[in-house]
Each structure stands twice: as C-alpha cells, then as structure tokens.
Amino acid sequence: MAKERKETFATDSEIPIKATYDAPKQPIEMPGEFPYTRGVHAGMYRSRLWTMRQYAGFSTAEASNERYKYLLSQGTTGLSVAFDLPTQIGYDSDHDFAEGEVGKVGVAIDSIKDMEALFKGITLQDVSTSMTINSTGYILLGFYIALAKRQGADLSKIRGTIQNDILKEYAARGTYIYPPKPSMRIITDIFDYCSRELPSWNTISISGYHIREAGATAVQELAFTLANGKAYLLAAQAVGLDINVFARRLSFFFNAHNNFFEEIAKFRAARRMWAKMTKDLGATDAKAQKMRFHTQTGGSTLTAQQPHNNITRVTLQALAAVLGGTQSLHTNGYDEALSLPTEAAARIALRSQQIIAHESGVTDTVDPLAGSYFIENLTNEVEAAAWKYIEKIDAMGGAVKAIEVGYMQEEIARSAYDYQKKVEDESQIIVGQNQFVVNEKQDTPIFRIDDSIRTLQIEKLKALRNNRNPEKVAACLAEIERRTKENINLMPAVIEAVENDTTLGEIADVLRGVYGEYRG
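In this text, all values refer to a predicted model and were calculated from it rather than measured experimentally.

Before going further, it helps to examine helix H1 (residues 61-73). In this model, H1 (13 residues) spans 18 Å end to end at C-alpha, consistent with the 18 Å of a helix rising 1.5 Å per residue. Restricting attention to buried positions, one finds in H1 the residues Ala61, Ser64, Asn65, Arg67, Tyr68, Tyr70 and Leu71. Close packing links the buried residues of H1 with strand S1 (51-56), strand S2 (78-82), helix H3 (112-118) and helix H13 (343-359). The positive-phi residue at the C-terminal boundary of H1 is Gly75, with phi of around 110°.

Set out below in structure tokens:
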C-alpha cells in the first residue's frame, strides 16, 4: 500500500477515520419508524421535497418585503425573517442603544405597523414563515398573530416557526435579555398558548446552528442542542404540559459544515437520539418522538478571499443536509463573508437547492447512504460521543446549570481555539485563504445598509405614538406587568397590546422591570 497523505485521519470532531469499515452489527431500521434514523417520513422526498426557505431581512420592512416577493417569485417555498439587533434585544429603533444598528443585520420591527409592511401582499395563511427571534420571540409572535387575525386567517392553519431558543443565546450567541429561569417561563407560556390556539405552529426551533458558528464541533453541536432540548421538555412537563401534545410542535435548527460524511452522520444520529430521549421522558405519540429540523449552510465556513469558492462549499453543505434528511433548508449567498447577500447571490443560493432537488437524483430514494459501512459506523460513533457530553451535563443538573457555570461556553471556546490553531499552522486547509492563494482585486458587489434607515424608523414611531390611544396602551402594559408578576400566561395580553399599537420596546421594558437583565 502506498504511503498515506497523513499520519492520521479524523472528522472535525476528532473521531478517527479508518481506511475501511465493516458492516456494523445493528438491527435493520426503516424510514418513518422508531427511532427514525433513516428519516421521519416513510417516503421522505419521494413524497414531498424539503421547504426551500431563504433567510432574508434588512433595512426597513418595506425593503425586506420586496426581497420576500422576489424570492417567492423565484421558487422559494417558505419565508425566513432576519431581525436587526435592536429588535432582537428589545429596543425600539429610537432607543439610544439602537444607534448604528437599525436595519443592519436584519429588518427593524418596532410595531404591528412594521409587521404589516413586512408582509404586505403576502397572505400568511398561504406561506410558512420562520422567524429567527429569541428573547423577544413572544412579542414578534404576538405581531404575527395579530396580523394574521387582521387578514382574517384561520389561526389553526397558520404555519411557521419562531426560534425561541434562549438557552443557546446564553451558551453561544448573546442576544438574551432576561435571566435564564424567567426566560424559560416565557417559553413555556408560548408552548401552552400555541398548543391551544396555533396547533400548526412550531413553538421553538432548538438551535445548534449558532453553537456551531461559535466554534463547536459537530458532536458538541449535537450534544449541546439535545441537552437544551431536554431542558425545554422538562420545563414544560414541570408546569403540567403534556409531552405528547407540546413536543409535536418542537423543531430543530442545525448547521451544515464542510466535513461531508460527518454532517450526514450527525443528522441521522440526531433523529435517533431525540426519539430515545422523548420516549424516555414519556412520549408515546410518534409525532412527539420525531425530530423535524431546518438546516442552514455554515456561514463561518465562507471566505472573503475568492468568494466564488463559497458556491461550491454551500452546495456540498446543502447536499449533506439533504442526504441527512432535513425538512427545511437555507443556502447562504456566496458573498456573505463580505456583506448581506445581494439579490443575485441569493438567487444562486436558491438555485443550488433547486438543482439538488430536481437534477441530482438524490431525492429519488429514501436515505440513499443507508447501509454504507462508513456512514452507519460514523452515525454510531457520533451518537456515542454526543451521549457522553449529555451524560456529563445531566450530572451537573441539566443544560441550564451547565450554562450558568459556563461549561458549554468553555467547551465551545476551546474547540474554536483548537480549530483556529489548525488553520494558522495549515494542518486545516482552507482553499483560497491559507492555501491556493492568489492576488486578486476584490470586485464582488457589496450590499450595504445606510444609517438613514434609523431616521425613517424614528419618524414611523413618532407617527404611531401620536395616533394611538395612550390610555389603552397604558392599560395593556399594566396587564402584561400583572401577568408577569402573577405567573399568568403572557401571550393573550401581548397580542392585545400589539393590536393597540404598543411597541416592542415598551413591552420588553415591562419584563425588564420585573425580571431585570441578565449580565452573564
């Protein structure tokens, strides 16, 4: 045998890779059957393709509305909303802390008037909408429900997802407001309300995506995400919710990075682990045991150098997600290491999904890589490594405690540091960045948001406040405060408040007054 290229081979999670594999000794599983390793549906993409959900949001609601209509015209089958940082952390656009950030990394939404503009000409009952929002998720959901009611929608048919995953904010992303325990209370309020009023709505998207973007390995992404998922299950059960009801509407959000086979194994292991976890906690309904997940290609893998190389990266990552059985997929624009994606880059990203779906043939059979000696063994190894982390977190008292003592944060930081060292010593090759470099003039079109957007939003807020009933707003805010203090479900009061033109920042401030702000 010729000398091998490297002394050892391993996945990004340091799972050793052998030259050859034997068939693992395990029972034959079928798609659509417990533990769902091979897919949550018997027919998978033979019956229905995944939702092609392009993530977009920038500037004003009116500007984002134009992009949504364009994406829908190009074949997007679901909308996915990005919000700016002030919206994410509960500040109206006229707040001092919002200066310099309004409309920059997402769309600014201060009131139901902005939500109306965001979806102008789009019938909410006809689309599935995902909203990447966490600490203020209860308010944005309130805006969405209020708008659906104004459109005359049947709320039982409203489909979509709010991310609503606050634990990963403490562990990796940072857009939290309130301390962990009251934040968990808000989430269970949403579970309870939607199980009764919005039965088709996914009440949480338990997110490994941002954990991975912060530097976690594939195994850590899987383990920490499922540990957080377990914490949400236990929190809901603690307030008397039925796991067979609320767990049906839990969904997940994973990253797809470049290590092709490890990513596929991660997705297959995730379904199997979640099925076992929910069953162990009392779920007997198959829909409560099935993991449904959205995938986004890896933003942190994209390079500013030779940005067109990112089209290949995104395509490989998207293919891994499809072969891993995702229910929904967003593909990043090739220019996202430089700016928000241009319209042209967003179109290429969508076309990548469409080519995989309609030209590659990989959707013609269920779980095409099932039975691969390598994939089956790697699925088992990824699962075993993830369970070790979860067992350690359980011994600490669960995900909330592990976050409070900094365990997850420290593990992610250590992995990020180790990876960066590999990039710098070139043991990890990044094509076009640390190897195969060329001197090139950067001529990729840049999409920038002007600071004047904040002025426009401030004028909207002035008009809103001048034309609403201040007594009614005050009464709505008082009711939200009462419910917060007395631990009564917040959602009905939040919906009434936004229907009466109360702003996002005003509602968030009521809860700040009761709960305080978490400083980490």
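Between helix H4 (residues 137-150) and helix H19 (residues 491-499), the least distance of the axes is 8 Å, while the angle of their chain directions is 65°. Of the two possible hands of crossing, H4 and H19 adopt the one that is right-handed. Contacts between H4 and H19 involve Tyr138, Ile139, Leu141, Gly142, Phe143, Ile145, Ala146, Lys149 and Arg150 from the former and Met491, Val494, Ile495, Val498 and Glu499 from the latter. Its residues assigned to classes, the contact of H4 with H19 comprises 10 nonpolar, 1 polar and 3 charged.

Applying the stated criterion across every chain yields a total of 36 salt bridges. Here Glu486 and Arg482 are joined by a salt bridge, their closest N and O atoms 3.0 Å apart. With a gap of 4 residues between them, Glu486 and Arg482 both fall in helix H18 (residues 470-486), about one helical turn apart. For Glu486, a relative accessible area of 47% puts it in the partly exposed group.

By the secondary structure assignment, Asp189 is in helix H6 (residues 180-197). Judged by relative accessible area, Asp189 falls into the buried class, the value being 10%. With residues up to four places along the chain from it excluded, the contact list for Asp189 reads Ile488, Asn489, Leu490 and Met491.

Below, the discussion takes up the packing of aromatic side chains. For the structure on display, the rule yields 22 aromatic pairs. Judged by centre distance (6.0 Å) and plane angle (70°), the rings of Tyr178 and Tyr515 are edge-to-face. Taken as a pair, Tyr178 in the loop between helix H5 (166-173) and H6 and Tyr515 in helix H20 (residues 504-515) lie far apart in primary sequence, 337 residues in all. For the pair Tyr178 and Tyr515, a shared accessibility class is recorded, and that class is buried. Between the aromatic rings of Phe261 and Phe374, the centroid separation amounts to 5.4 Å while the plane-to-plane angle is 65°, which identifies the pairing as edge-to-face. Placement of the pair is Phe261 in helix H10 (residues 260-280) and Phe374 in helix H14 (residues 373-396), with a sequence separation of 113 residues. Through a chain of ring-to-ring contacts, three or more aromatic side chains come together here, namely Phe252, Phe254, Phe267, Trp274 and Phe293. The cationic tip of Lys279 hangs over the ring face of Phe34; the distance from NZ or CZ to the ring centre is 4.7 Å.

It is worth spelling out the packing of H5 against helix H16 (residues 407-424) at this point. At a closest axis distance of 8 Å, the pairing of H5 and H16 adopts a crossing angle of 45°. As far as their axial angle goes, H16 and H5 are oblique. Of the two possible hands of crossing, H5 and H16 adopt the one that is right-handed. When H5 is examined against H16, the residues Tyr170, Ala171 and Ala172 are found in contact with a partner set consisting of Met408, Gln409 and Ile412. Each residue belonging to the contact of H5 with H16 can be placed in one class, and the counts come to 5 nonpolar, 1 polar and no charged.

Right, let's get into empty space enclosed by the protein. Following the criterion strictly, the structure yields 5 cavities of 30 Å³ or more and no others. Put simply, the largest cavity is a space of about 100 Å³. Around the largest cavity sit 14 residues that line it, and Tyr45, Val322, Leu323, Gly325 and Asp367 are the ones nearest its centre. The residue makeup of the lining of the largest cavity, split by class, is 7 nonpolar, 4 polar and 3 charged. In this structure, the second largest cavity encloses a volume near 70 Å³. Every residue lining the second largest cavity is listed: Asn134, Ser135, Tyr138, Asn164, Ile166, Tyr178, Ser183, Ile186 and Ile187. Ranked by the residues each element gives to the lining of the second largest cavity, the list is headed by H6, at 3 residues. Classifying every residue of the lining of the second largest cavity gives 5 nonpolar, 4 polar and no charged.

Once that is clear, we can look at H16. Its 18 residues give H16 an end-to-end C-alpha distance of 26 Å, which sits within 8% of 26 Å, the value for a rise of 1.5 Å per residue. Buried residues along H16 sit against H5, helix H7 (209-213), helix H8 (218-238), H14 and helix H15 (399-404). Looking one or two places after H16, you find Glu426, whose phi comes out positive at around 65°.

What counts and how
Residues numbered from 1 in each chain as written. Predicted model: local features only at pLDDT ≥ 70, side-chain atom pairs only at ≥ 80, totals over all residues. Heavy atoms only, no water. Helix = DSSP H or I, 4+ residues; strand = E, 2+ residues; numbered from the N terminus. Expected span 1.5 Å × (residues − 1). Buried < 20%, exposed > 50% of the residue type's maximum accessible area, 1.4 Å probe, protein only. Contact = heavy atoms within 4.5 Å. Axes fitted to C-alpha atoms, helices over the stretch in contact; angles between N-to-C directions. Left-handed = near helix turned anticlockwise from the far one by under 90°. Nonpolar A, V, L, I, M, F, W, Y, C, P; charged D, E, K, R; others polar. Salt bridge = Lys/Arg side-chain N within 4 Å of Asp/Glu carboxyl O. Phe/Tyr/Trp six-rings, centres within 6.5 Å; stacked < 30°, edge-to-face > 60°. Lys NZ or Arg CZ within 6 Å of the ring centre and 35° of its normal. Parallel < 35°, antiparallel > 145°, perpendicular 65-115°, else oblique. 1 Å grid on protein atoms, 1.4 Å probe; cavity = no way out; pocket = protein on both sides within 12 Å on 5 of 7 lines; lining within 4 Å. Points joined across faces, edges and corners; volume = space filled by probe spheres on them.

Nothing here speaks to function; it is geometry throughout.
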